[in-house]
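# Coordinate inspection notes
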Amino acid sequence: MMKTLLPALAHAIVLDKKCMAYHALSLEGIKSQLQSLSTEVADAYNVIPNLEGPAFFASSLAMIPGTPIPPMLARITNGLSESLKLFNGRAFTCEYKYDGQRAQIHKLTDGSVRIFSRQMKESTTRFPDLVNMIKELCSPEVSSFILDAEVVGIDRKKGNKLMSFQELSSRERGNKQSSIAIENIKVDICVFVFDIMFCNGQRLLDCPLRKRRKYIHDLFQEKPGYFELAQQLTVSVTMLKTKEFYSGERILPKKPVYYKTDEQPELWFTAQQVWEIRGADLTLSPVHHAAIGLVHPSRGISVRMPRYTRSVPDRNSEDCSTATDIATMFKAQTRKMEVSSEGQE
DNA sequence: ATCGGGGCTTC
DNA sequence: CTCGGAG
DNA sequence: CTCCGAGGAAGCCCCGAT
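Along each chain, the written sequence defines residue order, and numbers are assigned to residues from 1. Going through the entries in the order they are written, you letter the chains from A and number the ligands from 1. Only residues with pLDDT of 70 or above have their local features reported here, since the model is predicted, and side-chain atom pairs are shown and tallied only from 80 upward, although totals for entire chains, interfaces and linings are computed over all residues. As a rule here, side-chain values come from all non-hydrogen atoms in the structure, and water together with hydrogens is ignored.

## Quick word on the protein's contact with DNA strand D
- We call a residue near a molecule or strand when any one of its heavy atoms sits within 4 Å of it. Neighbouring DNA strand D are 13 residues, the closest being Met1, Thr4, Ser170, Arg173 and Asn175.
- Atoms of DNA strand D within 4 Å of the protein belong to the sugar or the phosphate in 91% of instances, the rest to bases.
- Here a phosphate oxygen of DNA strand D and a backbone polar atom of Ser170 are 3.3 Å apart.
- Gly174 is positioned with one of its backbone polar atoms (N or O) 3.5 Å from a phosphate oxygen of DNA strand D. Under the rule applied, a polar contact is a pair of N or O atoms within 3.5 Å (in protein, one hydrogen donor and one hydrogen acceptor; residues adjacent in sequence only if both atoms are side-chain atoms).

Structure representation (structure tokens):
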């Protein structure tokens, strides 16, 4: 109840001590003073949720690695349209919601690493493997930090397949005194880091997410299946409308037989929208099948560095570029060195 | 030595 | 985690 | 709208009964 009790206590103390010249203020003035007092203690609690000791009352508040901070929590919306409204047309970042367990990872100035749960309880003894990963993958110049991450169960024998929350929770717990034994861990974990709140004595919460992401990227070495940055995507409104459009019955249960590709995407859609794509070049591809057989017997043509430009509503799917069109475009472009060197195969 | 339930923690 | 009441 | 408590599923931990 810290968000209720703390402001109340602060009000009581200040009013009792008559620290401010309240008699000189209007009622509205007093209210506004108390309001800002509430904000101040709430801010302090968000950095030092531990009311013992002098740190909480220090004038310059700083996080202290080893003392967990209240986690930033998600808020539920009614759906995409409501989220969209909140961002009011601006691009925003989406992040994959991993189904695991929240972990606030601290590295202390003495070199030790400690893990805290969403409820700010210490869970270091449950994750000795995570502690080792951090020590291994953190740049030596980083003396202290606080990271926000999701720990997910992972099956390394099945191509790093992520496991369900239930499987992760079947992992041993350990207790305050003793860590679980690293040798007979039955559920491996991968850590997906999505934020860094503090690093080398510096509070980072006030700098943009983009920048915090870059800090993580620069200060840690990623290791697939062990320590990864959370997957994210910055989305424009055009893309979102496309995300809404391709839903429901427009998602197909399986690949239609007349779709000629070896690609194995997660979803298949009906062909009903024509998109304009801009690219740097057309290249011969061992993977993609567009215009296969027209410029090379076994290779198709792909777009190098493709970017979505716009959808073309006045064309239906039968009116998009054909294999012949693509072959013609490929032959017309000036840079086509692969053709001459590999065309003889 | 083994089992089961209450306690605790996660989501 | 979700839900709903209090303010 | 924010805060907070109630309540639920699932799993490990621990301790007392057998």
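## So, the nonpolar core
- Counting residues in each nonpolar core, the largest one holds 29 residues, and the members touching the most others are Ile105, Leu130, Phe145, Leu147, Ile196 and Phe220.
- Mapped onto this core, the elements with two or more residues apiece are strand E2 (101-107), strand E3 (113-116), helix H4 (128-137), strand E4 (145-155), strand E6 (188-199), helix H6 (209-219) and strand E8 (227-229).
- We call two residues in contact whenever any of their non-hydrogen atoms come within 4.5 Å of each other. Once residues lying within four places of it in the same chain are set aside, the contact partners of Phe145 are Pro65, Ile105, His106, Lys107, Ile134, Cys138, Ile196, Phe198, Cys199 and Phe220.
- Only buried Ala, Val, Leu, Ile, Met, Phe, Trp, Tyr and Cys residues count toward a nonpolar core, and they belong to the same one when joined by side-chain atoms within 4.5 Å. Only protein chains enter the accessibility calculation, which uses a 1.4 Å probe. A residue is then buried if its area is under 20% of the maximum for its type, exposed if over 50%, and partly exposed in between. Counting residues in each nonpolar core, the second largest holds 8 residues, with Leu282, Ile301, Ala327 and Phe330 among its members. Helical segments are the DSSP runs of H or I of at least four residues, strand segments are the runs of E of at least two, and each set is numbered from the N terminus.

## Points about the UniProt feature "domain: ATP-dependent DNA ligase family profile" (unreviewed entry) in chain A
- Look at the UniProt record and you will see "domain: ATP-dependent DNA ligase family profile" (unreviewed entry) annotated at residues 182-236.
- Annotated as 20% helix and 38% strand, the span residues 182-236 places its first and last C-alpha atoms 44 Å apart. UniProt positions are given in the numbering used here, feature names are shortened, and annotations may be inferred rather than shown by experiment.

## Here's the deal with the packing of aromatic side chains
- Only Phe, Tyr and Trp rings take part, Trp by its six-membered ring, and two of them pair if their centres are within 6.5 Å. Stacked means planes under 30 degrees apart, edge-to-face means over 60, and tilted covers everything else. Under the defined criterion, the tally for this structure stands at 7 aromatic pairs.
- Centre to centre, the rings of Phe87 and Phe92 are 4.1 Å apart; their planes meet at 10 degrees, and the pair counts as stacked.
- By relative accessible area, Phe87 is classed as partly exposed at 33%.
- A network of ring pairs unites the aromatic residues Tyr96, Tyr98 and Phe192 as a single cluster.
- Sitting over a ring, as applied to charges here, requires NZ of Lys or CZ of Arg to be within 6 Å of the ring centre and within 35 degrees of the ring normal. For the cation-ring pair, Lys223 lies above Tyr226, with the distance from its terminal atom to the ring centre recorded as 4.3 Å.

## Here we look at unusual backbone geometry
- Even without a glycine there, the phi angle at Asn88 is positive, about 50 degrees.
- Of note, Asn88 is situated in the loop between helix H3 (80-87) and strand E1 (92-95).
- In this structure Asn88 comes out as exposed when scored by relative accessible area, which is 60%.
- For Ala291, which is not glycine, the phi torsion reads 60 degrees and is therefore positive.
- With a relative accessible area of 6%, Ala291 lands in the buried category.

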